[in-house]
Structures are given as structure tokens and as C-alpha cells.
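Survey of secondary and tertiary structure
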Amino acid sequence: MSEMKTAAYICSGCGLGDKLDVAQLSRIAQKEGKMALVREHAFLCSEEGVQMIRDDIDREAVTHICIAACSRRAKTEAFHFPTVAMSRANLREGVIWVVAEGDQHDEVRQEMADDYLRMGCAEVKKMKLPQGNPAHADNRRILVVGGGISGLTAALESAEAGYEAVIVEREAQLGGWAARLWKRVPFRQPYAEPQDTGLSELAARVSSHPRIRVHLNSTIAETSGAPGRFSVQVAGPSGTITEQVGAIIQATGFDTYDLGKLPELGGGKLPNVTDQAGLEALARTANGTPIKRADGKSVQNVVFVQCAGQRDASGMHLPYCSGHCCATSVKQAMYFKDANPQVDTVVMYTDLRLPGMGEDFYRSAQRKGVTFTKGKVASVEAEGDGCAVSFRDLILDEDAVIAADLVVLATGQVPSAGVDLDAWNPIVTAAEGGSEEARQKKAEMQKISVLNLNYRQGPDIPQLKHGFSDSHFICFPYETRRTGIYAAGPVRRPMDMLQATEDATGAALKAIQAAENASLGRAAHPRSGDLSYPVARLEGCTQCKRCTVECPFGAIDEDEKRFPVFNESRCRRCGTCMGACPVRVISFENYSVDTVGMQIKAVDMPDEFSEKPRILILACENDAYPALDMAGLQRHLYSAFVRAIPVRCLGSVNTIWITDALNSGYDGVMMMGCKHGDDYQCHFVKGSELANYRMSKIDDTLKQLGLEPERVTTCEVAITDNARVARLINEYVEKITEIGMSPMKGFG
Amino acid sequence: MSEHNQQAVTRYRNNFLQEVEERVEDGEWVKMCMQCGVCAGSCPLGNAWQHTPQKLFMMIRAGKREEVLTSDSMWMCTSCYNCIVRCPRKLPITHIMHGLANYAHRLNLVPKGQPTREVARLFWNSLAKTGRVNELKFSLALYFKDGFVQGIRNALAMQGVGFGLMKARRLNPMELFGGHKCKDPGSLHKMIAKAREIEDRKKGFAS
């Protein structure tokens with residue numbers, strides 16, 4: 001872009017003209033905002049208003065516009081000018097809807113609007129029109145790792161949508177665990193009988209599909225690249241093949257919990273104690289006839305022990321519920337009852353959980369005479385040629401024993417997500433430090449890696465809890481913390497076949513989206529379609545590695561000299577690197593230390609004796625800023641002393657903004673972000689956590705400035721906190737009023 | 001142990017649930033209980049019972065035949081139908097309670113002197129004989145169920161009520177001699193005998 005020509009458009013519709021002095025706003029845009037062109041309009045988002053802006057862009061060669069009207073989240077279709085840089089001064093949701101009515105508030109209301117306009121003008125002048133990721137590539141094939149029900153579904157769905165798919169399967173045949181089942185839990189009406197798995201048909205469809213390529217007996221030796229240009233080394237029986245793909249779906253499923261870890265329940269000790277997978281094998285052998293034990297004896301009574309090594313509070317076993325095992329035991333009890341109704345089948349449970357339509361299945365089993373006993377099993381011992389199950393009956397509150405020819409333990413799912421990066425990273429550091437032991441440990445760990453990513457941040461996708469892959473559980477479950485790589489099935493959370501099928505379909509669509517976005521040089525979710533990308537001024541870089549370590553998505557590698565190497569296609573555009581950079585060399589074309597910094601400085605600061613404090617709000621654009629908008633929509637009033645700036649993520653907040661704000665006389669800074677911790681809501685996973693961590697260190701800075709620690713506060717705001725956010729603001733303003741005005745005014 | 005009881009024990013061995021299913025009125029529902037405990041929580045007299053319906057069902061599944069059939073609990077049901085209304089699995093719990101009580105009664109396993117059973121028995125005997133419940137005879141039988149001396153005491157305690165009823169012409173002392181009956185008690189006896197025969201066959205009491 002050659003010459004910058006700026007323009008400001010001030011709308012007086014939606015009551016803005018009644019509540020605000022529009023003429024004064026125009027003067028400010030001209031004199032203080034230094035806008036080349038300033039226009040007022042009574043209805044800016046109307047066809048006529050929009051046309052006026054378009055005409056200016058076409059005829060007056062306007063390149064940077066500031067629209068002073070409603071929130072940036074409103075009227076996005078009308079105010080869509082992809083050829084110019086644009087800022088929005090939020091006068092409607094941000095000012096007239098939240099400042100109290102009445103003449104006595106006219107002054108503060110107008111001041112607030114004036115400031116937002118100043119900020120909008122300051123921001124746009126620092127913005128550039130994003131040009132799109134220059135390093136994009138347009139491979140749109142989908143690689144699916146794992147050929148179980150999830151993998152097969154994901155590959156088939158991708159192929160049916162018109163995309164080529166490649167499956168890499170470790171075993172000699174497709175199907176995974178699902179192929180080892182005799183029958184599956186019903187997923188169609190009337191949800192009463194075990195159903196055929198349909199796996200052989202599914203595998204056959206996949207194998208013969210013209211757009212699907214299958215590598216059996218194969219693993220991944222190395223994955224490099226980024227969305228749109230992943231290069232994957234597939235090690236198979238006939239050597240290593242390189243597959244070029246655009247996106248990856250990891251559907252590596254689970255392993256069963258080791259029976260040997262449950263000796264008190266006879267696991268690994270007694271021949272007639274098996275797990276659910278073992279029973280499926282017996283059922284397949286029986287092939288519809290009454291199931292016999294491994295020693296050939298027919299089974300007259302069988303006990304299913306639920307939650308074996310699961311939901312364990314002691315820390316010895318799996319702490320979680322695997323979700324499918326109740327339904328699986330019900331199904332397996334039916335194997336016995338259907339072949340011979342005289343067989344005694346007891347399901348021993350503490351809480352029976354059959355999600356979905358499982359209640360119907362449960363009832364069906366009760367009708368068939370499967371006995372359900374609420375009890376906690378204490379031990380399984382050998383007795384005669386069978387077992388004795390000792391348990392506490394939780395209804396009758398007494399200890400009891402039942403005899404069983406066969407005991408089936410419902411053990412849980414253990415995810416196969418690969419290397420745990422939290423354990424990996426310290427070992428890598430130690431290995432780099434020269435420890436031979438660590439080097440061996442590293443090689444040992446690498447053996448279980450699924451993807452063997454050559455990323456600086458480690459060979460697999462990050463995990464959150466219990467070894468399951470990390471993803472935003474509520475908003476985008478299939479996303480992992482490696483852009484363009486999606487997790488589907490039990491690798492993500494414990495689940496049954498039906499859920500895995502749905503999961504795989506969802507992940508396939510996300511993978512397609514990622515490949516498509518990458519081919520256009522745009523960001524993936526949640527800033528889907530964003531053309532900006534991080535640019536680093538490497539001559540200023542001190543190789544501190546903070547950006548490479550803190551990037552939640554592993555987008556940044558390092559070169560030999562330890563300078564960051566940005567992989568724009570892997571970037572989600574959260575700006576966490578920008579917030580992390582102590583020398584502020586990282587920026588985006590339309591979002592930088594300057595675009596926000598100039599807004600902070602543009603605010604007109606009243607003097608110490610005015611009794612008008614100024615409080616800066618840095619609000620996450622995903623949840624907190626919409627919550628503020630909705631507070632306005634619902635007319636939850638809040639103080640006119642605050643000035644809110646949306647940020648891409650709290651992780652992108654550079655501490656320089658805070659120090660700048662305090663230096664220039666702000667009386668307080670509120671940072672509003674998403675919930676962090678294990679149950680995080682942060683759309684960029686680590687952003688709000690990092691922000692919180694960084695702000696915990698800001699107390700020293702405040703002390704140096706001679707300021708109270710309360711002058712900077714961080715709060716968690718959910719998108720639904722509309723009334724709460726107004727309350728939070730008012731409480732904070734009250735607190736700041738109590739503390740008194742900042743002594744820093746007038747120095748900035 | 002009665003002959004029928006002996007026969008049932010031999011026939012079902014440990015499978016009391018199956019016995020209940022086949023021989024107790026509405027017993028086939030017991031297996032559908034999901035042990036949520038709403039019945040136990042809903043029963044207005046739940047605190048007074050030794051075993052709540054939930055526990056009785058669990059005991060049936062656990063094969064506690066003796067304990068269930070000699071229990072006092074199902075006799076305590078007042079048929080308020082709270083449990084039936086609330087049961088999420090739609091079990092006819094009240095009816096099952098009566099079914100269990102009836103089965104225990106037939107096997108003669110009921111605790112000695114269980115008052116509900118005594119009242120029911122007197123009521124039924126009076127009704128089955130004439131087709132009408134003779135209130136005077138029924139009341140007197142109740143007074144004297146615990147012996148002659150206690151009967152006199154009960155009667156004296158209630159004499160004011162009795163005279164009051166007589167004065168109001170709600171009680172006819174002549175009912176003590178024969179009393180009124182339905183048109184054809186003989187046919188009624190045949191009907192009852194037939195019904196009993198059918199039930200005995202169905203419930204395994206036919207010898």
C-alpha cells in the first residue's frame with residue numbers, strides 16, 4: 001500500500017445523535033484524530049451510508065477508515081470493506097447503552113465517546129491491511145492415523161466429501177478394537193439387542209474407495225511441515241514412503257487398562273477372571289453358541305464387575321469413568337442370556353451409567369433377566385474351579401459373596417496419544433545439557449510417539465489430563481494444540497463406538513476446513529479466515545525463546561542460532577508470542593503492540609483533581625468483549641470512567657501496555673479473560689493462563705512505580721456474564737475511588 | 001414349614017426372583033427395578049418399615065427368601081400409591097407389596113399375630129360367608145381377637161360409641177343373629193371356590 005489516506009465516519013443513528021454531540025465528535029476526529037476525511041451520517045449501516053464509504057474508498061483513495069458507530073461485532077456484513085484497514089469506535093454498545101440516562105451524565109458520556117473515537121483513529125493509523133500468509137500451500141489430502149472405527153469413519157467421511165484420504169494403520173488389518181467385538185451396543189431403535197458391528201463392510205468400503213489409500217503394518221517415522229503442506233514419512237513393510245497431506249486426523253484410540261494391575265480382583269492371577277476385551281474374544285469363539293471359558297467349561301453364572309480400576313480415588317488406578325463399560329457389560333450379559341436364559345448374569349455396579357439411549361438397552365437386559373446388583377466388589381478369589389466374588393451390598397448394607405464360573409472386569413480406556421510432552425520437555429533439556437541418561441530416556445520415550453513431529457515443542461500433540469489429548473472441551477473438541485492436526489475418538493476422551501463415529505465425522509470436517517483455510521493463507525479456528533500473521537523483526541530479537549516456548553500451538557520453531565522461525569500456517573493468530581516478547585519485535589499487520597499502545601495513549605487524561613478516574617479494560621475478544629456488548633444490549637449500566645479495548649486473547653497482552661497505561665495516568669487496569677486451569681475456557685488454551693502468570697509478576701513493577709497492587713486486576717469472564725461484567729466494573733471503579741487517583745497523572 | 005412352602009423351596013432352590021416372578025401377583029415387575037430409591041423416599045410410612053420396597057426388591061434378587069416372606073414390611077403398606085405414581089420405571093409397587101403379603105400369607109410365613117393380616121382375614125371370612133360384611137360381627141371379632149378378657153375390655157371401652165350408633169340407627173343389634181346376606185350365597189361360594197382353583201393352578205398351589 002502506497003499512500004495512507006484516512007477517513008472517519010460518525011453515525012448518528014440508533015440514538016447516538018440524541019445522546020451525543022456529533023459535531024464535537026467530528027471536530028475531534030479532524031483535529032485530534034487527524035483524519036483526512038470526516039463524514040457524519042444519520043444511518044451509516046444503510047445502503048446509502050455504506051455506499052458513501054465505498055465511494056470514498058473508490059474515488060478518494062481512502063485506505064484507512066474508522067467507523068464510529070456500533071460495536072465491531074455488530075453490522076459486520078454492512079461494514080465489510082476487505083480492501084481497507086478498518087477500526088471501529090464502539091459508541092453504541094460501549095457508550096450510550098451502558099452510561100446512565102439523564103443530563104447529569106451528559107458530560108461523562110460525551111467524554112467516553114470522545115475517547116473511543118480518539119482510540120479508533122489512533123488504532124487505524126497503526127494498522128496495515130493483512131496480505132495473507134505468504135508461505136501457504138494447498139495440499140488438501142487428509143491423513144488419518146489409525147484404522148479403527150474412528151479412523152475408518154474419518155477417512156470415509158473425508159473421501160465422501162471429495163477429499164483424498166490416507167490411512168496409516170499399525171496392524172495388519174483395519175478395524176482396531178471394534179473389529180474384535182462379537183457385537184456392538186445398539187445404536188438404532190429399539191435399542192434392545194446387541195447389533196452387528198458392521199466393521200467388515202466399513203473396512204471393505206474404505207479399502208475399495210478410489211479416494212482412500214491404506215498403509216497397513218505402518219507407522220509414522222516423521223511428520224514435518226504445517227497445514228496445507230505436511231510431509232509425513234510412513235514406515236511400512238516395503239520401506240518408507242513420503243505422503244504429502246494438508247491436514248491430519250489422529251484417531252489412535254485406546255488400550256485397555258492392564259488387568260495385571262488389579263490382582264485383588266483376580267486380574268492376571270486367576271484364569272477365570274478376564275476383561276471385557278477377553279470376553280469378546282470368547283464370544284467370537286463361541287460364535288452364537290453358549291460361551292465357554294478358556295478351559296472349555298460352560299459358564300453357568302457370570303459376574304461383571306463394573307468400574308474395575310476406574311473412578312478410583314486412591315491414585316492407584318484410572319480416576320475417570322470410561323463411559324462405555326456399563327453398556328458393554330449389559331451387552332455382554334446379553335450374549336449369555338441370548339444363548340441360554342438359564343445362565344445367571346450379575347452386573348455388579350456402584351453407579352450404572354448408560355448415556356444416550358442406553359436406558360432402553362438397560363431395560364431390555366432387565367427384561368431378559370440380567371441381575372443388577374448395587375455393590376462394591378472387595379475381592380475375587382479362586383473357589384473350586386471358579387471364583388468367589390466378595391462384595392459390599394450397597395442397598396442392603398452388608399457383606400456378601402457370590403460364586404461365579406467367570407468374572408468379567410470392566411476395565412477402562414487408556415488413551416494412546418503418544419508422548420506426554422510435560423514429561424518430554426525436561427528430558428530434552430537435560431539431554432541437550434549433555435546427560436547421557438536423559439538421552440537414552442528420550443530415545444526410549446520417542447518409541448511410543450504416534451506422529452513423530454519434528455516440531456521444537458515435542459513429537460506429539462499435547463495432553464491435558466490422564467493422557468488424553470488437549471482440546472477446548474466445550475467449543476472445539478476436535479482441535480488439538482497443533483494446528484491442522486485433529487483428534488477423534490477415545491484418544492481425546494473415553495467414549496463408545498457411536499460417539500467415536502460422530503467424533504470422527506466432526507474431526508474430518510474440521511480437517512477439511514483447516515486444509516482449505518491453509519490453502520488460502522488464512523487462519524484456522526477460532527480466528528478462522530484471518531489473513532494476518534505474526535511478523536518478527538529479527539534484528540531486535542534476543543533469542544530468549546519465550547515465544548517458542550509459550551506458543552500454545554507449537555507454531556514456532558528455532559533455527560540453529562536460536563532465532564524463532566514462524567510457521568504461519570500453524571499459527572492461530574492469538575498473539576501469545578506478541579504478549580510474550582520482552583523486546584516487542586513480534587506484531588501482526590492489523591494487531592500489534594502499537595495498535596493497542598496508541599489507543600491507550602490516545603485517551604484524554606483528566607487531571608488528578610478532576611475526580612474522574614480512568615480505568616483501562618483489556619477484554620478478550622472471544623468472551624469478555626461480547627459479554628460487555630451484551631451488557632450494553634441488556635442495558636446493564638456501568639461506570640463511564642472505563643475504556644475498553646478488545647484483545648485477541650489475554651495471552652497477547654504485552655506488559656508494556658500495562659506499564660504504559662499506568663505511566664500515562666490510568667488509575668487502574670482490568671484484564672478480562674477466559675477461565676484458566678484444568679477446566680479452562682480460553683479459546684487459545686494457554687493464553688489466559690499465561691496472562692495470569694505474567695500479571696502475578698507485575699506487583700514488583702507496581703511497587704517500583706510506587707503504586708498499589710490493586711491498580712492491576714485480572715478477572716475471569718464468561719460470555720454469559722453480562723450482568724456480572726457490569727457489576728465487576730462498578731465494584732472495581734468503587735475500589736479505585738477508595739484507593740484514590742493515580743499519582744502518575746500529568747507525567748505521561 | 002407348610003407343604004406348599006416346602007414344595008416351592010424345592011422347586012426354585014436359590015432362584016427366589018424366579019419364584020416371585022411366577023407366583024407373586026405382579027412379581028414379574030421386580031426385575032425391572034433400577035434401585036433408584038424413589039419409592040423408599042416417597043413412602044409416607046417408610047420410616048416405620050423394616051424394609052423399604054427398594055430393599056425388598058434387592059433382597060428378592062439376592063435370594064433372601066426367608067427374610068422377605070417373613071418380613072412385616074409389605075403388610076404395612078397403606079395403599080397410598082405415592083410409590084406407583086413416582087416410580088420412574090412404572091413398577092406397580094403397591095400391588096407388588098400386596099402380592100408379596102398375599103404370597104407370604106398363603107405360605108403361612110407371616111409373623112405371628114400380624115395385625116393387618118388378622119383384620120384382613122376376619123374381613124374376608126365375613127364377606128366370603130354371606131356376600132356382605134357384617135359390621136357388628138366383624139367389630140366384635142376384632143375386639144376378641146386377642147382373647148376373651150381383652151375382648152370384654154375393648155367392648156367396654158367402645159360401648160359409648162356402640163350405643164351412639166344404635167341411637168342413630170346405624171347399628172342393628174339383631175345383626176348378631178344371622179344378619180343380612182346377598183341373594184344367593186351358595187353361588188358366591190362356588191364363584192370364590194372357582195376363582196381360588198384358577199389362582200392356585202396359576203400360582204402353583206394346586207396339589
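Calculation notes
As a convention, each chain's residues are numbered from 1 in the sequence order in which they are written. Lettering of chains starts at A and numbering of ligands starts at 1, both following the order in which they are written. Owing to the predicted nature of the model, reporting of local features is limited to residues with pLDDT of at least 70; listing and counting of side-chain atom pairs is limited to 80 or more, with chain, interface and lining totals taken over all residues. Each side-chain value is worked out from all heavy atoms of the structure, with water and hydrogens disregarded. Helix numbering and strand numbering both begin at the N terminus, where a helix is a DSSP run of H or I of at least 4 residues and a strand a DSSP run of E of at least 2. Only protein chains enter the area calculation, which uses a 1.4 Å probe; residues under 20% of their type maximum are buried, those over 50% are exposed, and those in between are partly exposed. Any two residues whose heavy atoms approach within 4.5 Å are treated as being in contact. Boundaries of every domain are those given by an automatic assignment or by a domain database. The term buried area denotes the loss of accessible surface (1.4 Å probe radius) that occurs when two parts are joined, taken as the sum for both partners. Salt bridge criterion: a side-chain nitrogen from Lys or Arg within 4 Å of a carboxyl oxygen from Asp or Glu. Think of a polar contact as two N or O atoms within 3.5 Å of one another; within protein, one of them needs to be a possible hydrogen donor and the other a possible acceptor, and neighboring residues in sequence only count if both atoms come from side chains. Amino acids outside the nonpolar list (Ala, Val, Leu, Ile, Met, Phe, Trp, Tyr, Cys, Pro) and the charged list (Asp, Glu, Lys, Arg) are all regarded as polar, and Gly is one of them. Nonpolar cores were defined as sets of buried Ala, Val, Leu, Ile, Met, Phe, Trp, Tyr and Cys residues, with membership established by side-chain atoms within 4.5 Å. When DSSP finds at least two bridges between two strands, those strands are taken to pair. Under this scheme, a helix contributes an axis fitted over its contacting stretch, all axes are lines through C-alpha atoms, and angles between N-to-C directions fall in the 0 to 180 degree range. In this scheme, a helix's expected span is set at 1.5 Å multiplied by one less than its residue total. Residues are called lining when one of their atoms sits within 4 Å of a cavity or pocket point, these points coming from a 1 Å grid over the protein atoms alone, where a cavity is a set in which a 1.4 Å probe fits but cannot get out and a pocket is an open set with protein on both sides within 12 Å along at least five of seven lines. Grid points are joined across faces, edges and corners, and a volume is the space filled by probe spheres set on the points.

Along the backbone of chain A there are 21 helices and 29 strands. Viewed in the frame of its principal axes, chain A has a C-alpha envelope of about 95 × 60 × 60 Å. Relative to its full complement of 748 residues, chain A shows a buried share of 58%. In chain A, 70% of the contacts between residues at least 6 apart in sequence involve partners at least 24 apart.

Residue and element names in this part refer to chain A. Segmentation of chain A into domains returns domain 1 (1-129), domain 2 (142-253 + 461-519), domain 3 (256-415) and domain 4 (605-748). Its C-alpha centre places domain 2 at a distance of 30 Å from the equivalent point of domain 3. Facing 23 residues of domain 2, the contacting portion of domain 3 comprises 25 residues. Here domain 2 packs against domain 3, burying approximately 2000 Å² in sum over the two surfaces, 67% of which is carbon and sulfur. The largest share of the area that domain 2 buries against domain 3 comes from W182, V185 and Y191, three residues that together contribute 32% of it. Between domain 2 and domain 3 we count one salt bridge in total. The salt bridge partner of K368 is E193, with a shortest N-O separation of 2.5 Å. Counting the contacts that link domain 2 with domain 3 gives nine residue pairs in polar contact (both at pLDDT 80 or more). The class makeup of the residues in the side of domain 2 that touches domain 3 is 15 nonpolar, three polar and five charged.

The next subject is the domain arrangement of chain B. Often, the extent of an interface is quoted as the loss of accessible area upon association of its parts. Assigned domains of chain B: these are domain 1 (3-111) and domain 2 (115-197). A separation of 30 Å is found between the C-alpha centroids of domain 1 of chain B and domain 2 of chain B.

With that settled, the discussion passes to the nonpolar core. Core analysis: the largest hydrophobic core is formed by 119 residues, its most contacted members being L91, L618, W657, I658 and M672 of chain A. Among the elements that line this core, the one with the most residues is helix α5 (residues 106-126) of chain A, at nine residues. Structurally, this core is a two-domain feature, drawing no fewer than three residues from each of domain 1 (1-129) and domain 4 (605-748) of chain A. Not counting the four nearest positions on each side in its chain, M672 of chain A is found in contact with I617, L618, A619, C620, A624, L650, C715, V717, V725 and I729 of chain A. L396 of chain A together with I60, C83 and F205 of chain B belong to the second largest nonpolar core, which has 37 residues in total.

All names here are of chain A. Pairing is parallel in the open sheet, where four strands are placed in the order β2-β1-β3-β4. Across the chains shown, the open sheet's two edge strands, defined by having one partner strand only, are β2 (37-41) and β4 (85-90). If you compare each strand with its neighbour and ignore which way they point, the axes differ by 15° on average. With five bridges connecting them, strand β1 (residues 6-11) and β2 associate as parallel partners. Across the sheet, the residue bridging to A8 is V38, located in β2. Against the sheet, helix α3 (residues 47-59) engages β1, β2 and β3 (64-69), with an angle of about 170° to β2. Lying over the sheet, α5 contacts β1, β3 and β4, oriented at roughly 165° with respect to β4.

So, on to the side chain of T130 of chain B. All names here are of chain B. Following the sequence through the fold, T130 ends up in helix α8 (residues 115-130). Among the residues examined, T130 registers a relative accessible area of 14% and is labelled buried. One polar contact links the side chain of T130 to the main-chain carbonyl oxygen of S126, over a distance of 3.5 Å. Among the polar contacts made by the side chain of T130, one reaches the main-chain carbonyl oxygen of R132 at a distance of 2.8 Å.

All names here are of chain A. Judged from the five bridges that link them, strand β8 (residues 219-224) and strand β9 (residues 230-236) form a sheet pairing that is antiparallel. Following the sheet pairing, I220 is matched in β9 by V234. Following β8, the chain reverses through five residues before pairing antiparallel with β9; G225 in that reversal takes a positive phi of roughly 100°.

So, about α8 of chain B. Working note: α-helix, 3.6 residues per turn, so residues spaced by three or four point in the same direction. Residues and elements named next belong to chain B. The first and last C-alpha atoms of α8 sit 23 Å apart over 16 residues, in line with the 22 Å expected at 1.5 Å per residue. Elements in contact with the buried residues of α8: α7 (93-106) and α11 (185-203). For α8, the N-terminal capping position is held by Q114, with its side-chain oxygen 2.9 Å away from the main-chain nitrogen of T116. A positive backbone phi angle near 85° is found at G131, which sits one or two residues after α8.

Another aspect to go through is the interface of chain B and chain A. The partner chain A presents 15 residues to the 13 residues of chain B that form the contact. Counting across the chain B and chain A interface gives two salt bridges. Its salt-bridge partner being K64 of chain B, residue E398 of chain A comes within 2.6 Å of it at the nearest N-O pair. At the surface where chain B touches chain A, the tally comes to seven residue pairs in polar contact (both at pLDDT 80 or more). Residues belonging to the side of chain B that touches chain A are distributed by class as follows: six nonpolar, two polar and five charged.

Bringing empty space enclosed by the protein into the picture now. All names here are of chain B. One pass over the structure, following the stated rule, counts 10 cavities of 30 Å³ or more. The computed volume of the largest cavity comes to approximately 110 Å³. As for the largest cavity, its lining consists of 15 residues, and the residues nearest its centre are C43, W49, C77, C80 and C83. For the lining of the largest cavity, the leading source of residues is α7, giving three residues. Residues that form the lining of the largest cavity fall into these classes: 11 nonpolar, four polar and no charged.

Read from one edge of the open sheet, seven strands run β13-β19-β14-β15-β16-β17-β18 (chain A), paired in mixed fashion. Two strands bound the open sheet, and with one partner strand each, they are β13 (273-275) and β18 (398-404) of chain A. When the angles between neighbouring strand axes are averaged without regard to direction, this sheet yields 35°. With seven bridges joining them, strand β17 (residues 386-393) of chain A and β18 of chain A adopt antiparallel strand pairing. Note on β18 of chain A: the bridge partner recorded for C387 of chain A is A404 of chain A. Contacts from helix α9 (residues 325-339) of chain A reach β14 (301-305), β15 (344-349), β16 (371-383) and β19 (406-409) of chain A, with the element oriented near 175° to β14 of chain A. Contacting β16 and β17 of chain A, helix α4 (residues 53-61) of chain B runs over the sheet at an angle of about 40° to β16 of chain A.

Bringing the pattern of salt bridges into the picture now. All names here are of chain A. If you walk through the whole model with that rule in mind, you get 57 salt bridges over all chains. Of the charged contacts in the structure, one is a salt bridge between D115 and R643, with a shortest N-O distance of 2.7 Å. On the criterion of sequence distance, the pair formed by D115 in helix α5 and R643 in strand β27 (residues 642-647) is long-range, its members being 528 residues apart. For the pair formed by D115 and R643, the shared burial category is buried. Between R392 and D399 there is a salt bridge whose closest N-O contact spans 3.2 Å. Overall, the relative accessible area of 31% leaves R392 in the partly exposed class. The class for D399 is exposed, based on a relative accessible area of 60%. Counted as one network, the salt bridges with shared partners bring together E32, E107, E111, D115, R118, K612, R614 and R643.

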